[in-house]
Amino acid sequence: MKMTRGSAALTALTALTLAAAACGGDSFDSGTTDGDASGSAAGDTTGVALTVLIASSGDAETAAVTEAATAWAEETGNTVDVQPAQDIQQQLAQGFAGGNAPDLFYVEAGRFADYAQAGNLYPYAEQLTDNDDFYESLRTTFTYDGEQYCAPKDFSTLALQINNTAWEAAGLTDDDVPTTWDELATVAEALTTGEQVGLAVAPTRDRLGAFLVQAGGYWVNEDATEATADSAENVEALTYVQSLLAAGSAAYPADLDAGWGGEAFGTGRAAMAMEGNWIRGAMTNDYPDVDYQVVEFPEGPGGPGTLLFTQCWGISADSENQAAAVSLVDYLTTPEQQLANAEAFGVMPSRESVEADYIEAFPDDAPFIAGGEYGRGPVTAPGIEAVMVDLDAQLEQLGSGDPAQILQSFDSNASGIVGQ
């Protein structure tokens, strides 16, 4: 496999994983008995002590998960120990290597396929109540080798943020909110001044990938079995972004003295940004005086498009308590609990049936949750991380680079990994 900058990164990533598995640290007593290969969960559903490891965003999330788990335990006659991780990737690596992983844990979408291929995960999704109620795009994200493994915990998407004060100063009205790429280019130019750029966009696959979806393409096909970056649609997408950069109506956050798009937007260095629903907390806490609105991304030549960011509830393949863990996941992902989590720590429910209630409770987030219908998740092929890191390094040079060459390089680097 030809690698541009990815070979060294892949070697480093492999070494890091092995080192994490070898070194000491937190461990979990959850047993080592494999689940039934037929798909039925192992263990009892009452009188069980479950360990749960979460990569918490803060005290509010820890409290909400702990409260829900405790309520389930009281109803079912079990006990649950919810542990916020210090470094969840390292702790899981240690647990898997030692055969004492937690019963239940958060799994990042980008790491999911590695865990599934390694046999670390118990595929329980078909046992869940109303599994089809989870957004199809999220179920696809947590599908490996044709089988959905785990329940999407919640999700985030990207949307377009607009500074209302800058918008009015540029003479723009509600009728000018962009719905196409051409309109986005027009308003970005109108919003660009000597002190402010029209759009802040980060040079990473976690932002620029949205334009690929809008063009009708993506880095890989729908089931992540083939690298598909080298396509006319994707060339058109990156060429469009390149044109915004060349016109000076878009810029990278680093070029605006900002660490991320939200900072550039909050400080007024950019009139628009393309960030996820996490930006609300930053705006409330750090830039409370900024008057802004959120709208869905403009459609590209391929239609609407955005990116999804999600985690699932993973259950250890070696857990003796799989049946109880499945029961707990069912409880944690009920519509009622998902709405409670949204209120407690700002996540969006992963069940479609909750969408209307969520929008009623959080109307300003309607543009974000709409992306659940048409967004794409991260590339989840086993061993792909080093290739994605290399892709980000190349996208940083998009302003002066060749979009076709960047896309061809990704396909070349990913061809020996995707679909294997």
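Just so it is clear, the model here is predicted, and its values are computed rather than measured.

Trainee: Would you explain the packing of helix H7 (residues 181–191) against helix H9 (residues 232–247) in this entry?
Mentor: Between two packed helices, both the angle of their axes relative to each other and the distance between the axes serve to describe the pair. Taken N-terminus to C-terminus, the directions of H7 and H9 make an angle of 15°; their axes are 11 Å apart at the nearest point. In this view, H7 runs roughly parallel relative to H9, as classed from their interaxial angle. Here H7 and H9 pass one another in a crossing that is right-handed. In this structure, H7 uses Trp181, Leu184 and Ala185 to contact H9, whose residues at the interface are Glu236, Ala237, Tyr240 and Leu244.

Trainee: Hey, could you run me through the environment of aspartate 411 in this one?
Mentor: As for its placement among the helices and strands, aspartate 411 is situated in helix H17 (residues 403–414). Along the sequence, aspartate 411 and serine 137 sit 274 residues apart, while their C-alpha atoms lie 23 Å from each other. Residues within four places of aspartate 411 in sequence aside, it is in contact with Trp219, Ala227, Thr228, Ala229 and Asp230.

Trainee: Where do I start with unusual backbone geometry in this structure?
Mentor: Working note: non-glycine residues mostly have negative phi, and peptide bonds are mostly trans. Phi angles above zero are rare outside glycine, and aspartate 130 is one such case at about 55°. For aspartate 130, the position within the fold is in the loop between helix H4 (109–117) and helix H5 (136–141).

Trainee: Would you take a moment to explain helix H2 (residues 59–76) for this structure?
Mentor: Given 3.6 residues to a turn, an α-helix orients residues that are three or four positions apart in the same direction. Here H2 is 18 residues long and its end C-alpha atoms lie 26 Å apart, about the 26 Å a rise of 1.5 Å per residue gives. For H2, the full list of buried residues reads Glu61, Thr62, Ala64, Val65, Ala68, Ala69, Trp72 and Ala73. Looking straight down H2, one finds its buried side chains confined to an arc of 170°; they lie on one side. Structural note: H2 exposes Asp59, Glu67 and Glu74 on the side pointing more than 90 degrees away from its buried face. One or two residues past the end of H2 sits glycine 77, with phi positive at roughly 80°.

Trainee: Where do I start with the pattern of salt bridges in this structure?
Mentor: Opposite charge on two side chains allows them to pair when their charged atoms are near. Inspection of every chain in the model, using the stated rule, returns 10 salt bridges. Of the charged contacts in the structure, one is a salt bridge between arginine 139 and aspartate 132, with a shortest N-O distance of 4.0 Å. Notably, a salt bridge pairs aspartate 257 with arginine 269, separated by 3.4 Å at the nearest N-O pair. Highlighted residues: aspartate 257 in the loop between strand S8 (250–251) and helix H10 (261–266) and arginine 269 in the loop between H10 and strand S9 (270–276), separated in sequence by 12 residues. Judged by relative accessible area, aspartate 257 falls into the exposed class, the value being 65%. Salt bridges here are not isolated pairs; linked through shared partners, they connect Glu61, Lys153 and Asp154.

Criteria and thresholds
Residues numbered from 1 in each chain as written. Predicted model: local features only at pLDDT ≥ 70, side-chain atom pairs only at ≥ 80, totals over all residues. Heavy atoms only, no water. Axes fitted to C-alpha atoms, helices over the stretch in contact; angles between N-to-C directions. Helix = DSSP H or I, 4+ residues; strand = E, 2+ residues; numbered from the N terminus. Parallel < 35°, antiparallel > 145°, perpendicular 65-115°, else oblique. Left-handed = near helix turned anticlockwise from the far one by under 90°. Contact = heavy atoms within 4.5 Å. Expected span 1.5 Å × (residues − 1). Buried < 20%, exposed > 50% of the residue type's maximum accessible area, 1.4 Å probe, protein only. Arc of directions from axis to C-beta. Salt bridge = Lys/Arg side-chain N within 4 Å of Asp/Glu carboxyl O.

Any link to function would need more than the numbers given here.
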